[in-house]
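Overview (structure and organization)
The primary structure of each chain is shown beneath.
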Amino acid sequence: MVQLVLYRKYRPQTFSEVINQKNTILALTNALKNGRISHAYLFAGPRGTGKTSVARILAKALNCLNRKPDQFEPCNQCDHCVEINEGRFLDLVEIDAASTRGIDDVRELRENIKFPPLKAKYKVFIIDEAHQLTKDAFNALLKTLEEPPQYVIFILATTEPEKLPPTVLSRLQRYDFRKLALQDIIDRLAYICHQENISYEEEALRLVAVYSEGGLRDAESLLGQIALITNNNITKESIEELMGVMNFEKVKRFINLLLHKDKEKALSFINEIYEEGADLELFNKEVINYLRKLMLLKISPSLSHILDRETTDEEMAVLFKQIEMCDLSYLERLLRGLIEVQFQLKKAPVITLPLELFISEELG
Ligand SMILES: Nc1ncnc2c1ncn2[C@@H]1O[C@H](COP(=O)(O)OP(=O)(O)O)[C@@H](O)[C@H]1O
Ligand SMILES: [Mg+2]
Ligand SMILES: [Zn+2]
């Protein structure tokens, strides 16, 4: 099961190990060298680009017992560094604003903040998914941001900085994390494969990198899953197969919502996959393809031979089940509407809107 946690095992532990975030790292390390520490940071950027990792490295550097004033790297050897690496350092508090606990945590934060650190120089609060904080939590936070005690450092991390109130934003020193370049992801995956004795085809790693759309965490998790399934022998074919299965599952779920005319869930679904980084044009095309298969099979099961080459046996079984739940005219209507949507997607002012309108009108 080792592979499943590849992304944790390969979390960068020093600034120099962080890939692709040159400007951010340069600014942070310079500030450390010059002793110009801000008390509230914002790390903004897509998921899997290093925000949490850098927040922890910064927490380590600030509290490292071996770091000289003109250096910036944490030693990863002293008690403080080791405890942070093991997730048991009492003066580092990590709050996940997305969890219900997060809300209570922020409430407690104002109490907590009154006490100086137990043994370190700084008490560091990392607030992850900060855009999910409630209004009350933001207000509580704002009060503390207005006059933070000298020993307190806040690091807010978020994928959606535009959702933070301007009053909070204006108190934070902002760093933007960028998506990783394709080649950098490929190189990192290759490095991990060598470390883990996983054999791979170059082209397979490229596919994983493309699929993860600039986020290294997703790339590393996917690599781990595939290594497990393929017994550490990653081929282009194995990747294509797995991605095919994942895509089919996604499209199948959406089609089920269409067939059940579940407007609300269908709308949420579209927005969810969009937030996850799906390309809606590509997705819609796959939905059309899928509905075409349903239409052909609905007209006559004997037409399945047309679909043989692009459909696995398991998929075919699912399709046959789904044609039980719908009639031909509904399928035709969906198809006609979605073909229209395909054109609209190219120039939509709001990219989710063509599909949303379609769902709103057709599933009524
Ligand atoms: N810039 C990066 N350099 C090296 N590894 C990275 C980078 N970004 C992400 N990773 C990998 O992805 C994992 C998750 O990264 P994390 O810092 O939690 O991302 P975020 O908080 O931005 O979602 C890390 O453990 C590491 O394996
Ligand atoms: Mg994170
Ligand atoms: Zn140290």
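This one's a predicted model, so the numbers in the text were calculated from it and none came from an experiment. (Residues numbered from 1 in each chain as written. Chains lettered and ligands numbered in written order. Predicted model: local features only at pLDDT ≥ 70, side-chain atom pairs only at ≥ 80, totals over all residues. Heavy atoms only, no water.)

Moving on: the pattern of salt bridges. Under the counting rule described, the total for this entry stands at 15 salt bridges. Salt-bridge contacts for Lys163 lead to Glu160; the nearest nitrogen and oxygen are separated by 2.5 Å. Residue classification places Lys163 among the partly exposed positions, given a relative accessible area of 48%. Judged by relative accessible area, which is 14%, Glu160 ranks as buried. Lys236 is the partner of Glu240 in a salt bridge, and the nearest nitrogen-oxygen pair spans 3.5 Å. Of the two residues, Glu240 and Lys236 are both situated in helix α11 (residues 236-259); the distance of four residues between them amounts to about one turn of the helix. Taking relative accessible area as the criterion, Lys236 reaches 30% and is therefore assigned partly exposed. (Salt bridge = Lys/Arg side-chain N within 4 Å of Asp/Glu carboxyl O. Buried < 20%, exposed > 50% of the residue type's maximum accessible area, 1.4 Å probe, protein only. Helix = DSSP H or I, 4+ residues; strand = E, 2+ residues; numbered from the N terminus.)

Coordination sphere of the zinc ion (ligand 3), protein contribution only: Cys64 (SG), Cys75 (SG), Cys78 (SG) and Cys81 (SG), at 2.3 to 2.4 Å. Seen from the zinc ion (ligand 3), its four donor atoms lie at angles of 101 to 118°, and the figure they make is tetrahedral. All donors of the zinc ion (ligand 3) belong to a single chain; written as a sequence motif, their spacing is C-x10-C-x2-C-x2-C. Of this pair, Cys64 sits in the loop between α3 (51-63) and α4 (79-85) while Cys78 sits in the loop between α3 and α4; the two residues are 14 residues apart in sequence, bridging distant segments of the chain. One exposure class covers both Cys64 and Cys78, and it is buried. (Donors = N, O, S within 2.8 Å, 3.2 Å for Na, K, Ca; no water. Tetrahedral: all angles 85-135°; square planar, octahedral: opposite > 155°, others 65-115°.)

Another aspect to go through is the environment of Val341. Position of Val341 among the secondary structure elements: in helix α16 (residues 328-345). Take Val341: its relative accessible area is 2%, and that puts it in the buried class. As for Val341 and Glu356, which are separated by 15 residues in sequence, their C-alpha atoms are 9.8 Å apart. Not counting residues up to four positions away in its chain, the partners in contact with Val341 are Asn284, Pro354, Leu355 and Phe358. (Contact = heavy atoms within 4.5 Å.)

Entries for the chain in the domain assignment read domain 1 (21-176), domain 2 (182-234) and domain 3 (243-362). In this structure, domain 1 and domain 2 have C-alpha centres spaced 30 Å apart. (Domains from an automatic or database assignment.)

Reading across the sheet, the five strands line up as β2-β3-β4-β1-β5 and stay open at both edges, with parallel pairing between neighbours. The open sheet is flanked by β2 (92-96) and β5 (173-176), the only strands paired with a single partner. Neighbour-to-neighbour, the strand axes of the sheet open up by a mean angle of 15°, direction not taken into account. In the sheet, strand β1 (residues 40-44) pairs with β5 via four bridges, with the strands oriented parallel. The partner of Leu42 across the bridge, within β5, is Arg174. (Pairing = 2+ DSSP bridges. Axes fitted to C-alpha atoms, helices over the stretch in contact; angles between N-to-C directions.)

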